[in-house]
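Residue strings, one per chain:
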Amino acid sequence: MVNYKDLGLVNTKEMFKDAMAGNYAIGAFNFNNMEQMQSIVAAAVECKSPVILQVSAGARNYASSTLLRYMAQGAVEYAKELGCAVPIVLHLDHGNSFELCKSCIDSGFSSVMIDGSHLPYDENVALTRQVVEYAHAHDVTVEGELGVLAGVEDDVVAEQSHYTRPEEVIDFVTKTGVDSLAISIGTSHGAVKFTPAQCTRDENGILIPPPLRFDILKEIEEKLPGFPIVLHGSSSVPQNYVAQINHYGGQLKDAVGIPEEQLSRASKSAVCKINIDSDGRLAMTAAVRQVIMEKPAEFDPRKYLGPAREELKKLYMHKITNVLGSANSVKCD
Ligand code: G3H
Ligand code: 13P
Ligand code: ZN
């Protein structure tokens, strides 16, 4: 049994309170290897921003829960070494069972998501409540979800999104005791968030997705004043990375994301946490593909993972500074 406080991590409580007061959001960036972790921490330090290191069940299996615990502890020490002890959360993304959440809490996670959004409402409430009781006994914060995003949520693929119903949020938050609530207002997971038929095209033929449902977000904010809201599926799918990947032999078709202006607008609202995974995957793949294709004789992994790490850091710094607005919110001595 490892408590996150012994690793130097924090839960989301103060982080979200500050984000709400400062009208910004915290980036929750998924990782599963050393280079991703280094770039997230380096970007957060350089931008003087708190950050959430986010791990899916698949990522935990990939990396090993033991290694992840030490990587998170390493992330805290690495931030200090780079010059600023920014607050760092280790968060389970899309937990799908009480047992998984408990196992994460017992191995050093400071925050967990229990995603019962695919369950009937009462079952979602009961499962979420069960996780909250265990988590709060260990001072770990819990994110629940109401509404279903289209796309892949771990192993569950939802064809259709179901927007969060504002009339359910007070009951859900009260009955479960969650610390934050993920909602569905038109974002979705992955690099192909919408079919071309759901989009319009600009004068250059670039797909423009339908706008987020800020009206639903507003209704939820009015029902839960000051309560932290979370947006999943918030990658913007930068078209320069898509072009770079395809130029160097990739085959990404119809990749389209959420425009950054909309995420920037959401960051200024009760949205305190914004999840970004696919953009990191794209940045990394674009950089690796370029080296592999341009330098076919290269076989030192550092020669392609190094540039990928640099590109990731640039991406996260851009998100933190220009999209989430959390830069310079940490005082470093
Ligand atoms: O929401 C899902 C995240 O992007 C994690 O994806 O389960 O493939 O690690 P993953
Ligand atoms: P993206 O696929 O848009 O990066 O969303 C990631 C996410 O929501 C992780 O939970
Ligand atoms: Zn998600």
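Residues numbered from 1 in each chain as written. Chains lettered and ligands numbered in written order. Predicted model: local features only at pLDDT ≥ 70, side-chain atom pairs only at ≥ 80, totals over all residues. Heavy atoms only, no water.

1. Considerations on the packing of aromatic side chains
The geometry of an aromatic ring pair is captured by two quantities: the separation of the ring centres and the angle between the planes.
Move 1: Scanning the entire structure with this criterion turns up three aromatic pairs.
Move 2: When the centroid spacing of 4.5 Å and the interplanar angle of 40° are considered together, the rings of Phe-29 and Tyr-316 count as tilted. Pair noted here: Phe-29 is in strand S1 (residues 26-30) and Tyr-316 is in helix H12 (residues 301-324), with a separation of 287 residues, a long-range link.
Move 3: We classify Tyr-316 as buried; its relative accessible area is 2%.
Move 4: With centroids separated by 6.3 Å and ring planes inclined at 55°, the aromatic side chains of Tyr-121 and Phe-172 adopt a geometry described as tilted. Of this pair, Tyr-121 sits in helix H6 (residues 121-137) while Phe-172 sits in helix H7 (residues 166-176), and the two are 51 residues apart along the sequence.
Move 5: Taking the relative accessible area as the measure of exposure, Phe-172 reaches 0% and is therefore buried.
Move 6: Above the face of the Tyr-163 ring, Arg-213 is positioned so that its terminal group lies 5.2 Å from the ring centre.
Move 7: One Lys or Arg, Arg-265, reaches over the ring of Phe-214 and ends 3.7 Å from the middle of that ring. (Phe/Tyr/Trp six-rings, centres within 6.5 Å; stacked < 30°, edge-to-face > 60°. Helix = DSSP H or I, 4+ residues; strand = E, 2+ residues; numbered from the N terminus. Buried < 20%, exposed > 50% of the residue type's maximum accessible area, 1.4 Å probe, protein only. Lys NZ or Arg CZ within 6 Å of the ring centre and 35° of its normal.)

2. Here's the deal with the environment of Glu-260
Move 1: Note that Glu-260 resides in helix H10 (residues 260-267).
Move 2: A residue is classified by how much of its surface remains accessible, and Glu-260, at 22% relative accessible area, is partly exposed.
Move 3: In this structure, the C-alpha to C-alpha distance between Glu-260 and Asn-240, residues 20 residues apart in sequence, is 14 Å.
Move 4: Setting aside its immediate chain neighbours within four residues, Glu-260 contacts Ser-236, His-318, Lys-319 and Val-323.
Move 5: Among the polar contacts made by the side chain of Glu-260, one reaches the side chain of Lys-319 at a distance of 3.1 Å. (Contact = heavy atoms within 4.5 Å. Polar contact = N/O pair within 3.5 Å; in protein donor to acceptor, adjacent residues only side chain to side chain.)

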